[in-house]
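These are the residues of each chain, in order.
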Amino acid sequence: MPASATTETKSSEWLDCSSASTELDVRLVEIRRVSTEEQARDDRAGLARQAHSNRETAKRVGATIIEPAFELTDVCRENFISTPEWRGIRDLILASDVHIVVDDPDRFVADYGGIEILGECQRTSTLIHHPGGVLDPSSLDGQLVGVIRAVLAGNELKTIKRRVQGAKEAKRREGIFPSASISLPTGIAYVRTKGERRGRWTYNDAVARVRVVWRLVAEEGLTNWREVGSRAGFSGVTVRNLLKNPIYKGWWIVSQKRQAGPTPIRPDGRRKDRRKVPRAPHEVIRVQVFRPRGESGEPGDDRDEALVDDETWDRVQGLLEAKRQGVHRLRDQNSEARFLYRGLLWCAACDRAVYGCTKPRHGRGKVRRDWYACSLSRVRGKKCSTKYLRLEVVNTGVDRLFSTILSDERFAMGLMEAGADAKQEDVVAAIRTATTNVRRLTDQRTKLLDLYLAGTWKHAELDAKRLKMEAERDHAEREVSRLQKLQASAKQASRVEGFREILVALREFEFWSPVEKRDFLRRFFPRVYLSKRGVESVEVQLPSPLFGVDAVTGGEGPATLKVGMTWEQLQPLAKLTEFGLPEKPLYTRSEVAKALGLTEHQFVDRVRKGEIPEATQKHWGHKAWSLQDVRTILRERAERQATYRWGLPRKTSYTTGDITSALGITWGQLRYAMAHGRLPEPRRDAQGRRFWTEAEVELMATFFRVDPATEAAGGEAPETH
Ligand SMILES: [Zn+2]
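## As for the overall build of the protein
Scanning the protein for helices and strands turns up 27 helices and 26 strands. Burial analysis of the protein (721 residues in total) assigns 21% to the buried set. Taking the intrachain contacts of the protein between residues at least 6 apart in sequence as the baseline, contacts between residues at least 24 apart amount to 60%.

## Comments concerning the nonpolar core
Nonpolar side chains tend to gather and get buried jointly when the protein is soluble and globular. If you look at the biggest cluster of nonpolar residues, it comprises 33 residues, and the most contacted ones within it are Cys-347, Val-354, Val-528 and Leu-530. Secondary structure elements with two or more residues in this core: strand E12 (345-347), strand E14 (368-374), helix H14 (391-405), helix H17 (496-506), helix H18 (514-524), strand E16 (527-530), strand E17 (534-540) and strand E18 (559-566). In terms of residue count, the dominant contributor to this core is H14 (4 residues). Among the nonpolar cores identified, the runner-up in size contains 23 residues, and Val-228, Leu-243, Ala-306 and Val-316 belong to it.

## A look at the sheet that holds strand E5 (residues 133-135)
The strand order across the open sheet built from 5 strands is E2-E1-E3-E4-E5, with neighbouring strands paired in mixed fashion. The sheet is open, and its two edges are formed by strand E2 (64-73) and E5, each paired on a single side. Neighbour to neighbour, the strand axes of the sheet diverge by 30 degrees on average, direction disregarded. Of the pairings in the sheet, the one linking strand E1 (residues 27-34) to strand E3 (residues 98-101) comprises 4 bridges and is parallel in character. Looking at E3, one finds that Glu-30 is bridged to Val-101. Running over the sheet, helix H5 (residues 84-93) touches E1, E2 and E3 and is turned about 160 degrees from E2.

## Here we look at the environment of Phe-70
Along the chain, Phe-70 turns up in strand E2. Overall, Phe-70 belongs to the partly exposed group, with 17 C-beta atoms counted inside 10 Å. Phe-70 sits 19 residues away from Ile-89 along the chain, and the two C-alpha atoms are 8.0 Å apart. When sequence neighbours within four positions are dropped, the list of residues in contact with Phe-70 reads Val-29, Glu-30, Ile-31, Arg-32, Glu-85, Gly-88 and Ile-89.

## Looking at the sheet that holds E12
Reading across the sheet, the 4 strands line up as E12-E16-E17-E18 and stay open at both edges, with mixed pairing between neighbours. A strand with exactly one partner marks an edge of an open sheet, and here the two such strands are E12 and E18. Averaged over all pairs of adjacent strands, the angle between their axes in this sheet comes to 25 degrees, without regard to strand direction. Inspection of the sheet shows E17 paired to E18 by 6 bridges, in the antiparallel sense. When the bridges of E18 are listed, Val-540 appears paired with Ala-559. Here H14 sits on the sheet in contact with E16, E17 and E18, set at roughly 50 degrees to E17.

## As for the confidence of the model for the protein
For the protein, mean pLDDT is 75; residues scoring 70 or higher make up 72% of the total. For residues 544-556, every residue scores under 50 in pLDDT, and the model assigns this stretch 19 contacts once sequence neighbours within four places are set aside.

## Quick look at helix H9 (residues 207-218)
Helix length check: H9 (12 residues) gives 16 Å between terminal C-alpha atoms against 16 Å at 1.5 Å per residue, within 8%. What H9 keeps buried is the set Val-210, Val-213, Leu-216 and Val-217. Mapping the buried residues of H9 onto a view down its axis gives an arc of 125 degrees, with all of them on the same face.

## A few points about the pairing of E17
Most of E17 is tucked away, with 5 of its 7 residues classed as buried. When E16 meets E17, the two strands line up antiparallel, connected through 4 bridges. Across the sheet, residue Leu-530 finds its bridge partner in E17, namely Val-535. Count of turn residues in the E16/E17 antiparallel hairpin: 3 residues.

## A look at the packing of H9 against helix H10 (residues 225-232)
Two elements in contact, H9 and H10, have axes whose closest approach is 9 Å; the angle formed by their N-to-C orientations is 140 degrees. Seen along the crossing, H9 lies across H10 with a hand that is right-handed. Contacts from Arg-209, Val-212, Val-213, Leu-216 and Val-217 of H9 reach H10 at Val-228, Arg-231 and Ala-232. Among the residues making up the contact of H9 with H10, the classes are represented as 6 nonpolar, no polar and 2 charged.

## Digging into the pairing of E16
Neither face of E16 is open: one carries Arg-527 and Tyr-529, the other Val-528 and Leu-530, and all of them are buried. Bridge analysis of E12 against E16 gives 3 bridges, and the strand direction is parallel. If you follow Trp-346 over to E16, its bridge partner there is Tyr-529.

## Comments concerning the environment of Ala-189
Tracing the sequence through the fold places Ala-189 in strand E6 (residues 188-191). For the pair Ala-189 and Asp-205, spaced 16 residues apart in sequence, the C-alpha separation works out to 9.3 Å. The residues touching Ala-189, leaving out its near neighbours within four places in the chain, are Ser-181, Leu-184, Thr-202, Tyr-203 and Asn-204.

## As for unusual backbone geometry
The step from Glu-67 to Pro-68 runs through a cis peptide bond, and the omega angle for that step is -5 degrees. Its location among the elements puts Pro-68 in strand E2. Positive phi outside glycine occurs at Ser-125, with the angle close to 50 degrees. Structurally, the position occupied by Ser-125 is in the loop between helix H7 (115-123) and strand E4 (128-130). A positive phi is found at Lys-387, a non-glycine position, where the angle reads about 45 degrees. Position of Lys-387 among the secondary structure elements: in the loop between E14 and strand E15 (388-390). On the neighbour-count criterion, Lys-387 (16 C-beta atoms within 10 Å) is partly exposed.

Parameters at a glance
- Residues numbered from 1 in each chain as written.
- Predicted model: local features only at pLDDT ≥ 70, side-chain atom pairs only at ≥ 80, totals over all residues.
- Helix = DSSP H or I, 4+ residues; strand = E, 2+ residues; numbered from the N terminus.
- Buried ≥ 20, exposed ≤ 12 C-beta atoms within 10 Å, placed from the backbone.
- Contact = placed C-beta atoms within 7 Å.
- Core = buried A, V, L, I, M, F, W, Y, C linked by C-beta atoms within 7 Å.
- Pairing = 2+ DSSP bridges.
- Axes fitted to C-alpha atoms, helices over the stretch in contact; angles between N-to-C directions.
- pLDDT = per-residue confidence, 0-100.
- Expected span 1.5 Å × (residues − 1).
- Arc of directions from axis to C-beta.
- Left-handed = near helix turned anticlockwise from the far one by under 90°.
- Nonpolar A, V, L, I, M, F, W, Y, C, P; charged D, E, K, R; others polar.

Listed below in structure tokens is the structure:
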């Protein structure tokens, strides 16, 4: 064995071949706990006591203590095993004859990473000696440690997040702006000074333009936001938002928060921002961060002065409200009622809001038509496959989805469970496999180091093996985290009960007013995702109090229900008219012909002869007959029925042309039948033209199997009176 190995480590292999050092076979790493209080009091008494106790323990077990001892403070407990201190200790305990000695094992484990420490000791077969005896982590059930470790790791992440959020929230309540300055209102700045906890609320250059807005509105009385905007360099919408923001009268009011639940994922797999939702009244934060305008604050009040005084602010809010009401009244009368589902519709293709809009029909001057449009398709130069959707199609489709399809409980529950169950099963198993993999690879890596330290391998060999193994482990770790995400989505299954409650309410959907429908959907189905094809999915916001969400599953966020129904499937089944066609305002030529039992050719012919009135309407550029038109045509025909025979006005005699067109036969067929004596030759006039009596036509109709009764039933409306 090379001499260098003796100075680096004392592995058992080395000890085996060195009989001279058997009495040195156990060595202890001494860990002393330094609490921050003790440091503050500069009281080393505690440390001296620990050192004494550890030496007693070492003497008892016949071991020596490795100098110097490790003194650990109790401030960095989070993720302790990745700290340099722990890595220093681990380098030593990798050797199989090196163990740990502490004064109080429970506090040691609890203070420094808990189960993580036990896991580390278990992997390196390290015992923890203490005054009361010895703790052997490898005697713990291995799997148990693994499982607990995973649970703790997950919980610690959550704890950190919660702490960060909690800290931000505490700062907000103190009037400290905790976020990046990009999220400040226009014209407002928050200046942080290094070393000081509290920053200063003040203004930036953009405030000059904000002043212009307030002057134009409050002093010059302008109420056209777009005009105000163009004079101050903002859009009309920004102007309205500026005027509503209480920061300009000095108050910072936090009335929204990010929605709880898992981070939403875009269709392309990227994360997106959680939606902002209103805070409950007790959660709203109000801090007066600017001194009220026109008041000379208290001595020591160094806050900047607010931009506008309360009186101006209140007056402008009155203007905003009056304007909103005015616009609202107008909307109520027309568009609000028409754009029934505005604000609830989203584009499934690009994940943007779908708006209601009215635009002139292509090339048709003053005729305007209502549409729902994806907001991306309204941006110049951008394209989205959803584009424009017909208002009526969407309104009736969405209406039907909620009133009949989703309210069919069995159908909707099926959708919900199909999405959740399938995943749950294999994910749990896959996570178990992947976690075991990570553990196995970590263990192998440790053994590898052991072998290297024992001098079995050269450095280069070790590096190659180690790199390969680390790559494998990284891969396995990524797999675990991917699967855990999947599992979260599978937790939807546990929300099924809450969903059932909503479905029960939906049964009455069709009896609700538009306002009630919208309010209900906004609460429980905040987003309906549309595409050119139909309704793709629906976001379900489950009412948490109904089914008691537990914190571990984190199941409070919205769930997504895959619907995948086309607009066609969603159109309500139209009522049938008495003439056998679906009821609708306009009918095409072929539809009217069908109702009359005529071929299109026969139909055109009769229109030309004036027997059927010409179309009075147009539909998409084609002639069309209204429902009333069709009824009139059928009634008139029914009235004429008495004087008609085979679709012909009754006459004393019929020409060859009358008969062939009425019976739908050719002159050739007729002549053939007469030539073979099947039908009698009729009388002729002076010019040799044939004329048939009604009885002869009757015979002919029978011969060619044209039953007058059948013809009447097929061609005319059944008599209802
Ligand atoms: Zn789109």
